[in-house]
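Architecture at a glance
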There are 2 protein chains.
Amino acid sequence: MASKKIKPPKGTRDLYPEDVLRQRYITNAWRDASLRCGFDEIAGPTFESTELYAVKSGEGILGELFQTFSGKGGQETLDKLVEKGKADFALRPEFTPTLARMYAAHAKQLPKPCKWFTAGPYFRAERPQRGRLREFLQWNVDAIGLPSEDACSESKAQMDAEVIECSIRLFDNLGLNSETLNIKINDRNAMAAFFNSLSVSEEQLETAFNLLDRQAKLPADALCTLAQEASLSEAFINFLTQSDSSISPKLDTPDLDTLLSLCNDAQFDQWMSKDPSIARGLAYYTGTVFEAIADGERAVAGGGRYDNLIELFGGPPTPACGFGMGDVVLGNLLDDKGLMPEGAELMDAVARQQASIRPIAFVVPNGDEDNESLVHTLTANLRRGIESEEWRNNDDRKPWQSSRYSVAPIHARVSYKSTRKINKLKADASDQHAKFFVEIQSDNKVELTNMDTRESIAPPAGSWNVDPNSENYIGKAIAQLM
Amino acid sequence: MASKKIKPPKGTRDLYPEDVLRQRYITNAWRDASLRCGFDEIAGPTFESTELYAVKSGEGILGELFQTFSGKGGQETLDKLVEKGKADFALRPEFTPTLARMYAAHAKQLPKPCKWFTAGPYFRAERPQRGRLREFLQWNVDAIGLPSEDACSESKAQMDAEVIECSIRLFDNLGLNSETLNIKINDRNAMAAFFNSLSVSEEQLETAFNLLDRQAKLPADALCTLAQEASLSEAFINFLTQSDSSISPKLDTPDLDTLLSLCNDAQFDQWMSKDPSIARGLAYYTGTVFEAIADGERAVAGGGRYDNLIELFGGPPTPACGFGMGDVVLGNLLDDKGLMPEGAELMDAVARQQASIRPIAFVVPNGDEDNESLVHTLTANLRRGIESEEWRNNDDRKPWQSSRYSVAPIHARVSYKSTRKINKLKADASDQHAKFFVEIQSDNKVELTNMDTRESIAPPAGSWNVDPNSENYIGKAIAQLM
């Protein structure tokens with residue numbers, strides 16, 4: 001055997017120690033944001049049957065994948081491969097088909113909703129370029145199934161809000177802010193109705209969404225040619241090429257407005273805006289869609305509602321919502337903004353990035369309807385933490401410094417049971433191994449129970465409070481008791 | 001598209017939340033032991049060119065791999081595949097070829113030694129059975145290159161000892177002990193000399209080692225037949241089938257004895273024993289080989305010295321040593337021994353498993369030769385931590401309880417520079433971002449410096465001490481200062 005220098009496959013990465021630490025800084029931040037927002041980690045195989053991808057996207061997808069086969073069969077396997085025109089397996093290009101398969105396999109026994117996240121390697125057979133590799137890491141965050149059968153539209157909006165909140169907790173944690181980064185949301189149903197009003201037929205809808213998805217990437221004349229080739233209406237083309245600004249959809253739909261109101265309760269609506277240009281090319285989205293856009297142009301994450309997909313994989317009808325985010329684009333963005341630590345700072349930052357896997361606070365309302373939005377506000381504040389004055393006033397502040405928080409962000413959960421009976425909610429907290437049970441009576445009256453001892457914890461004076469500025473802020477008490 | 005239930009590929013795993021936590025308990029323990037022992041994390045591509053595996057193991061290996069190709073080329077790619085009889089890429093079955101490729105690519109710039117670890121998914125096209133899956137996780141720990149050009153044999157033994165120590169720190173941490181688990185070591189050179197003395201020719205050596213590797217798995221008559229087919233000597237067959245116990249190799253070689261003496265300094269030699277039946281089938285081992293054997297039969301990890309492999313991949317001649325350990329066998333062992341936590345205990349255990357990525361203690365001797373073994377003893381004690389009396393005396397003790405340590409285990413490093421000048425050693429500590437510099441003058445005189453402030457830290461009375469039972473034990477001071 002001759003000595004030989006062999007290169008890594010094109011579009012893959014050799015990661016030496018500092019490179020791994022930079023990647024860990026990102027993947028730990030993903031896990032930290034997911035855990036704080038009450039998502040549980042799952043994982044699936046690195047390769048799946050080619051059939052799984054064809055079910056969701058058609059056989060055409062196989063030309064974009066790395067296909068895989070067992071070498072054990074030798075020449076016979078190769079002959080079969082040529083005959084079938086494809087291999088038995090493919091390296092996963094995305095997680096959603098695995099997620100749908102895993103949910104469908106145990107749909108009856110699984111809790112509703114399933115709030116799941118996963119982070120791992122994905123593969124695409126495309127030409128490598130800046131921001132696109134053949135092997136990359138992706139973070140997936142999904143909420144599947146509804147918490148309660150009633151109040152369907154409101155429940156969906158709550159799931160959408162929690163999924164989006166998880167991305168915001170990440171961006172905020174990494175030092176990105178709403179001036180740099182925007183979550184642009186749209187509603188595929190509202191857009192479909194609008195396209196219909198522009199004389200786009202049902203059969204043309206998928207093409208129309210695909211062209212909308214490419215609006216920012218192609219010049220107006222190229223868009224125009226493509227739309228004409230698909231026989232799309234003149235009105236649609238005028239909208240698409242932005243040559244007539246009077247043609248625009250109404251995005252004040254009940255779904256988007258409920259979502260934004262929940263984001264307002266959780267105090268992150270300043271990160272959000274409605275945008276009719278967000279399409280998400282994939283055919284499987286069924287309602288709300290969103291993208292995280294940095295500097296007005298770079299898509300860092302994208303997702304939306306996919307209410308029909310679990311059924312497609314043999315499960316029961318199940319509403320679902322989620323997003324994906326890759327490590328390459330996010331890493332480039334952090335580098336460009338000076339938001340990636342180095343050396344000892346990087347080592348210390350990575351060591352500090354560990355949210356508790358055990359839920360620390362389990363927040364519930366008492367029976368009063370008015371307290372529902374207080375639950376959302378407090379839970380979001382617990383997940384966000386409170387930044388210190390000292391750090392805020394420091395011109396050299398960096399997001400990874402240990403001085404950042406006066407009240408550290410914690411893993412906080414809410415109950416999705418439709419019951420409002422405190423004992424049943426406590427049982428829910430106990431099933432999830434929560435450490436503290438937080439019952440909101442009103443904005444300045446909160447009960448705190450240690451779930452390990454079942455003892456009630458009283459404040460030094462007065463009552464526990466949901467206001468982060470108050471002396472008896474419940475979040476400060478929990479952070480100190482942890 | 002019809003709704004369809006599709007199964008995961010045979011021999012792969014769908015991991016739901018509790019499954020992921022069990023796996024994290026193992027992978028976090030791997031990282032924790034690696035970091036404490038001063039190994040840096042690296043990572044490579046999930047697939048490599050088939051050529052890379054053929055260089056190390058011959059074309060025959062490709063029948064045991066999952067081969068992979070880009071689906072982009074369509075029919076043309078399939079035709080080429082049949083023509084060449086293999087795909088361009090394969091899912092990695094092991095890490096060593098990637099490691100050798102990565103080291104060879106930057107051999108000149110890399111520190112000597114490179115102490116590297118990695119943990120990730122690996123793939124083998126074999127029939128799934130208990131302890132063997134088609135996709136599994138593996139932990140690899142390697143030390144590549146020698147710390148100094150002089151004292152070659154001693155330096156090699158030190159690297160062997162640190163690599164083995166890392167596995168012991170893991171087993172100890174997970175609650176396994178030397179009654180359950182043994183590191184069996186052997187020396188391929190001593191065995192080769194012994195085989196020669198039994199009239200085994202140079203050409204027959206590889207076959208002889210292969211048969212030795214299968215000794216425990218096959219009955220005596222099957223071994224005998226295979227050995228006769230390979231025309232091996234009667235004396236060798238008597239040794240192999242253990243029919244003549246007077247035929248046994250001498251294992252008191254200088255290499256093994258130096259290694260055991262270093263393991264004695266680090267106080268883990270009770271885990272070790274010499275064993276002439278350890279062969280490690282692979283042809284690339286060149287000296288010391290070892291396996292971690294549980295209950296006298298289950299191989300949990302295996303490795304050894306491979307001094308020629310870096311050269312084979314186009315690098316300079318470079319001594320190296322390492323081991324691999326899979327998650328499946330280890331997980332089964334922990335389950336069988338009642339050493340896998342559940343529920344809230346599992347969540348808390350996983351949350352606590354994070355060694356500092358930044359080196360906490362950097363231990364150096366002053367110029368005196370006698371202090372070298374004190375450096376090994378103290379470093380090992382820092383990496384091991386001191387268990388509390390209270391926990392030791394508790395009959396219900398579990399390895400993951402927070403009461404376990406009176407002095408927590410920490411990330412400790414030594415210098416591999418040949419210099420003994422304190423300022424140069426301090427520069428080495430600083431380059432590695434160490435927090436504390438520990439200079440051993442004698443067993444009851446130790447200097448402690450905070451490397452961030454460069455200030456010397458004095459004990460409350462007397463001197464810092466290397467004895468874990470002393471009031472001024474340096475490890476206790478560092479754990480409190482962290």
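Here the structure is a predicted model, which is why all the values come from computation and not from measurement.

Regarding its fold elements, chain A presents 17 helices and 18 strands. Over its C-alpha trace chain A gives a radius of gyration of 24 Å, about what one expects of a compact globule, namely 23 Å for 482 residues. Along the first, second and third principal axes, the C-alpha atoms of chain A reach 75 × 70 × 50 Å.

The periodicity of an α-helix, 3.6 residues per turn, causes residues three or four positions apart to be oriented the same way. All names here are of chain B. By the criterion of burial, helix α4 (residues 96-105) is predominantly enclosed, with nine of the 10 residues buried. By the burial criterion, the buried members of α4 are T96, P97, T98, L99, A100, R101, M102, Y103 and A104. Of the surrounding elements, those touching the buried residues of α4 are β2 (47-49), α2 (50-57), β5 (114-123), β6 (135-144) and α11 (309-312).

When chain A is fitted onto chain B, the two copies agree to an RMSD of 0.1 Å after a turn of 180 degrees and an axial shift of 0.0 Å. What the rotation and shift describe, once combined, is the action of a two-fold rotation axis. The position closest to the rotation axis in chain A is occupied by the C-alpha of T68 of chain A, lying 2.2 Å away. A shared interface surface links the copies, since 100% of the contact residues of chain A are contact residues in chain B too.

We now examine helix α7 (residues 205-213) of chain A. Residues and elements named next belong to chain A. Those residues of α7 that fall on the buried side of the exposure criterion are A208, F209, L211 and L212. Buried residues along α7 cover an arc of 160 degrees about the axis, so they all sit on one side. Buried residues along α7 sit against α6 (188-197), α8 (220-229) and α9 (234-240).

All right, on to the domain arrangement of chain A then. Residues and elements named next belong to chain A. As far as domains go, chain A holds domain 1 (11-43 + 115-198 + 247-355) and domain 2 (356-482). Each of domain 1 and domain 2 was reduced to a C-alpha centroid, and the two centroids are 25 Å apart. Taken together, the 24 residues of domain 1 in the interface contact 20 residues of domain 2. Among the elements of the structure, α1 (17-36), α5 (152-173), α10 (254-265) and α13 (343-352) are those that each provide at least two residues to the side of domain 1 that touches domain 2. If one sorts the elements of the side of domain 1 that touches domain 2 by residue count, α5 sits on top with four residues. Its residues placed into classes, the side of domain 1 that touches domain 2 shows 11 nonpolar, five polar and eight charged.

With that settled, consider the pairing of strand β5 (residues 114-123) of chain A. All names here are of chain A. The buried count for β5 comes to eight of 10 residues, which makes it a mostly enclosed element. Sheet topology places strand β1 (residues 40-41) next to β5; two bridges connect them, and they run parallel. Note that in β5 the partner of E41 across the bridge is F117.

Quick look at the sheet that holds β1 of chain A now. All names here are of chain A. The sheet built from eight strands is open, its strands ordered β1-β5-β6-β11-β10-β9-β7-β8 with mixed pairing. Looking at strand neighbours, the two that pair on one side only are β1 and β8 (272-274), the edges of this open sheet. Across the sheet, α5 touches β6 (135-144), β7 (181-187), β9 (288-294), β10 (298-305) and β11 (320-326), and the angle it forms with β11 is around 15 degrees.

Of all hydrophobic cores here, the largest spans 229 residues; its most connected members are A90 and F236 of chain A together with A90, Y103 and F236 of chain B. Contacts of A90 of chain A, omitting those with residues within four sequence positions, involve F47, E48, T50, Y53, L62, L65, F66, Q67 and T68 of chain A.

Glancing now at the interface of chain A and chain B. In many reports, interface size means the accessible area that the parts give up when they come together. Taken together, the contact between chain A and chain B spans 68 residues of the former and 69 residues of the latter. Class assignment of the residues belonging to the side of chain A that touches chain B gives a composition of 35 nonpolar, 18 polar and 15 charged. Pairing between strand β3 (residues 66-70) of chain A and strand β3 (residues 66-70) of chain B: five bridges, direction antiparallel. In the strand pairing of β3 of chain B, S70 of chain A is matched with F66 of chain B.

Rules used throughout
Residues numbered from 1 in each chain as written. Chains lettered and ligands numbered in written order. Predicted model: local features only at pLDDT ≥ 70, side-chain atom pairs only at ≥ 80, totals over all residues. Helix = DSSP H or I, 4+ residues; strand = E, 2+ residues; numbered from the N terminus. Rg over C-alpha atoms; globule rule 2.2 N^0.38 Å. Buried ≥ 20, exposed ≤ 12 C-beta atoms within 10 Å, placed from the backbone. Contact = placed C-beta atoms within 7 Å. Least-squares fit on C-alpha atoms with pLDDT ≥ 70 in both. Arc of directions from axis to C-beta. Domains from an automatic or database assignment. Nonpolar A, V, L, I, M, F, W, Y, C, P; charged D, E, K, R; others polar. Pairing = 2+ DSSP bridges. Axes fitted to C-alpha atoms, helices over the stretch in contact; angles between N-to-C directions. Core = buried A, V, L, I, M, F, W, Y, C linked by C-beta atoms within 7 Å.

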